[in-house]
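Analysis of the macromolecular model
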Amino acid sequence: GGYMVKIVKDLVSKDKYKIKCPYTMEPTRAIVHNTYNDASAKNEIAYMKRNNNKVSFHYAVDDVEARQGIEENRNSWNAGDGAKGKGNREGIAIEICYSKNGGERFIKAEENAAELIADILKRYNWGIDKVTKHQDYSGKYCPHRTLEMGWDRFIKMIEEKLEDKAP
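Residues numbered from 1 in each chain as written. Predicted model: local features only at pLDDT ≥ 70, side-chain atom pairs only at ≥ 80, totals over all residues. Heavy atoms only, no water.

**A word on the pairing of strand β5 (residues 91-96)**
Most of β5 is tucked away, with six of its six residues classed as buried. Burial along β5 is two-sided: G91, A93 and E95 and I92, I94 and I96, pointing in opposite directions, are all buried. Pairing geometry for strand β2 (residues 29-34) and β5, over six bridges, is parallel. If you follow N34 over to β5, its bridge partner there is I96. Relative to β5, strand β3 (residues 59-61) runs parallel, the two sharing three bridges. Note on β5: the bridge partner recorded for V61 is I96. (Buried < 20%, exposed > 50% of the residue type's maximum accessible area, 1.4 Å probe, protein only. Helix = DSSP H or I, 4+ residues; strand = E, 2+ residues; numbered from the N terminus. Pairing = 2+ DSSP bridges.)

**Some thoughts on the nonpolar core**
Among the nonpolar cores identified, the biggest contains 39 residues, and I94, L116, I117, V131, F154 and I158 are the most heavily contacted of them. Sorting the residues of this core by element identifies β2, α2 (41-50), β3, β5, α4 (104-124) and α7 (151-164) as the ones contributing at least two each. It is α4 that provides the largest number of residues to this core, a total of nine residues. With residues near it in sequence (within four places) discarded, I158 still touches A114, I117, A118, L121, I128 and V131. (Core = buried A, V, L, I, M, F, W, Y, C linked by side-chain atoms within 4.5 Å. Contact = heavy atoms within 4.5 Å.)

Below is the structure:
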C-alpha cells in the first residue's frame, strides 16, 4: 500500500471547452478505455488538447504517470453514446496507454490505472460496480487489451488497491 501514481494536471484550455467538455458534470462512474496506440500519456493528452475533434477524456495513464486533461466536473466525449448519454455526460474517462503492442509498459500502465481508479472510487465513495468499460456504452470492443487479458482480473486489481487504501 501507500503508493500512489503521480497525477499531472495538463488541462485543456478554456477556449476549447465548447469542443472538448461543454457541459458541467456530476460524475457517477469511471469508464475504462485502451488507447489503441503506443503513445505516452503526455502525448495522448497533448494530442487530445491540440486537435479540434469532439473526442476527449479525463485521464491518460502510462507506465510513469496519470495525466489529467479535463477536470472531473466537466464532461468528455469518450463513450460513443451521444450528447445525452450516461457515458459522455456522467463518466470519468480513463485511457490506458501503450495498449497496441502491450508488453511491460502496458502492464505497468494498467497497474497505474487501477491505482488511479481505486483513488477515484475512494474520493467519490463509489463501489466497484461504478467501474465500467467503453464497451458498455457503445458496444465498441474497448478496452481491447484489458478485455483480452481478462476484465475480472482488472477489476480484482482495483479491488486489491482499494483494500490497500482501507483505513
